[in-house]
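# Fold and contact review
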Amino acid sequence: MARRVMSLHPHWSSRVFSVQLNGAPSYFKIQEKRRGEAEELPRVFRQVQSCDRCFSVLVCSSDRVRRAKFYAELKEKLLRDLPPQCDVSPMSSFLPNVRDSLIKGYFLKDTSESLSPSEGLLRDLIQHDPVLVCSYSRGEDGQRWTQHLWTHGDSQTTDMSKEYHVTPSEEPECHPSTLNIINSDVFYSFEEAYQVLKQCGDIIPEATSVLELLPSRVQARSKTTLTESLRDTLGATLLQSPPKCLSPLRARFDREPPLIRRAFYTLGNYITAEQVGQEGMKTPVIIDRFWHSTAAYAIATAVSGPVCNLPAEGSEVYGWPSDLLQPSLVVLITLDPEERKRRLRDRGQGKTEEEQELDHNLLFRLKVEEAYRRISGPACVTVDASPSADRVLQQVQLLIRGKCHL
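Please read these numbers as outputs of a predicted model, since none were measured by experiment.

Reading guide: rules and limits
Residues numbered from 1 in each chain as written. Predicted model: local features only at pLDDT ≥ 70, side-chain atom pairs only at ≥ 80, totals over all residues. Heavy atoms only, no water. Axes fitted to C-alpha atoms, helices over the stretch in contact; angles between N-to-C directions. Helix = DSSP H or I, 4+ residues; strand = E, 2+ residues; numbered from the N terminus. Parallel < 35°, antiparallel > 145°, perpendicular 65-115°, else oblique. Contact = heavy atoms within 4.5 Å. Phe/Tyr/Trp six-rings, centres within 6.5 Å; stacked < 30°, edge-to-face > 60°. Buried < 20%, exposed > 50% of the residue type's maximum accessible area, 1.4 Å probe, protein only. Salt bridge = Lys/Arg side-chain N within 4 Å of Asp/Glu carboxyl O. Core = buried A, V, L, I, M, F, W, Y, C linked by side-chain atoms within 4.5 Å. Arc of directions from axis to C-beta. pLDDT = per-residue confidence, 0-100.

### Structural notes on the packing of helix α5 (residues 190-199) against helix α6 (residues 205-213)
- Closest axis-to-axis distance for the α5/α6 pair is 8 Å, and the angle between their directions is 140°. Classified by the angle between their axes, α5 and α6 sit oblique to one another. Judged by residue contacts, Tyr 194, Leu 197 and Lys 198 of α5 engage Ala 207, Val 210 and Leu 211 from α6.

Structure below.
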């Protein structure tokens, strides 16, 4: 852990910091030397009172599974152990335009009037956990802030000799979350997803069960009611992703951080692809969800804010995995949110946490649909499912026959 922290130090003053305040990011950067007159305060510091204390804690383990697990656990720990007067906001730090440079954590604003346990808790964290801690102090003029980077040695004391001057920062050209999407939120090969679950075997026993269900090798071979109707009409085989063999494990992995959860769903796509290879020699195959779904939900979840924050169309994050079966045709079925909820309710179907978010958050829904449309290899054809089931079925049949010559 100490090696990971030390590796961040040489470029520390080149980093930009982002704190989520009321759903919008506040950016600031740091300088080793004070330059010129005091600039406008970064938004995160404007409402800080003279007696308030500010800290940041960033998770920085080189072990990506441990980092993901600890980041999820850290929020629970902070909310549980810090005083009620301490606000906890999501935070990140990154090197602009440098892939895999994003590290995540939390910004703390402690408004307690009396001596608070916040600093003691952070001292304990830096001694025993994969974190990097900073405190922030206001200058005498009230217009300047200094960041103190905590370091820890062999003793139980914390050295705060590293000081940097806080200055405002412009919003980056690309949303910082896009720097870490590849093989962290979205996986682009069997091997990358496999290695994550393999590494989880010691801490998540169910991961071993998933690995045992995987095909021995991966070969690249060239909605519910609707897919069932298409199956019957075309004499096709209907498969789903994740496949039924993983259904008993879904609830377990839905509780895990994105890194592990996405690896699970990605491997489900490869199992389904293997089943397509077997069934496709006998009949046409229809898949209910596939890598498009896995990637679109992951991208929309990772990138906060409006649709314009998504990676630009043509970005490598939308590229299809080179070792995964490519469908001949992808149909994206869209539906008015209220009508969608009514149909799910009538069927008595359960929903994942992300599907619930899709129902309650129009912005998230728009991001998911736009991410679907931007995925290449092959692109989606959008069909509105609002008309009658027979009419939608007929429209999709025409698409399939025109594209797949069935």
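### Describing the packing of aromatic side chains
- Applying the stated rule across the entire model yields 19 aromatic pairs.
- Arranged with centres 6.4 Å apart and planes meeting at 85°, the rings of Phe 55 and Trp 150 form a pair that is edge-to-face. Residue Phe 55 is located in strand β3 (residues 53-59), and its partner Trp 150 is located in strand β7 (residues 145-152); the two are separated by 95 residues in the primary sequence. Residues Phe 55 and Trp 150 agree in their burial class; the two are buried.
- Ring geometry for Tyr 71 versus Tyr 106: centroids 5.1 Å apart, planes at 5°, classification stacked.

### Quick notes on the pattern of salt bridges
- Applying the stated criterion across every chain yields a total of 15 salt bridges.
- For Asp 100, the salt bridge identified is with Arg 99, shortest N-O distance 4.0 Å.
- The salt bridge involving Glu 256 is made with Arg 252; its shortest N-O contact spans 2.5 Å.
- Salt bridges here are not isolated pairs; linked through shared partners, they connect Lys 69, Glu 206, Arg 252 and Glu 256.

### Here we look at the nonpolar core
- Among the nonpolar cores identified, the biggest contains 54 residues, and Ile 181, Val 186, Val 196, Leu 197, Val 210, Phe 253 and Trp 291 are the most heavily contacted of them.
- Apart from residues lying up to four places away in sequence, Ile 181 is in contact with Val 186, Tyr 188, Ile 299, Ala 302, Val 303, Pro 311 and Val 317.

### A short note on helix α8 (residues 247-254)
- Within α8, the full set of buried residues consists of Leu 249, Arg 252 and Phe 253. Taken around the axis of α8, the buried residues stretch over an arc of 90°, which confines them to a single face.
- Where α8 is buried, its residues contact α5, α6 and α9 (258-279).

### So, the confidence of the model for the protein chain
- The predicted model of the protein chain has a mean per-residue pLDDT of 87, with 87% of residues at 70 or higher.
- Ranking the elements of the protein chain by mean pLDDT puts helix α1 (residues 2-8) last with 61 and strand β5 (residues 103-110) first with 97.

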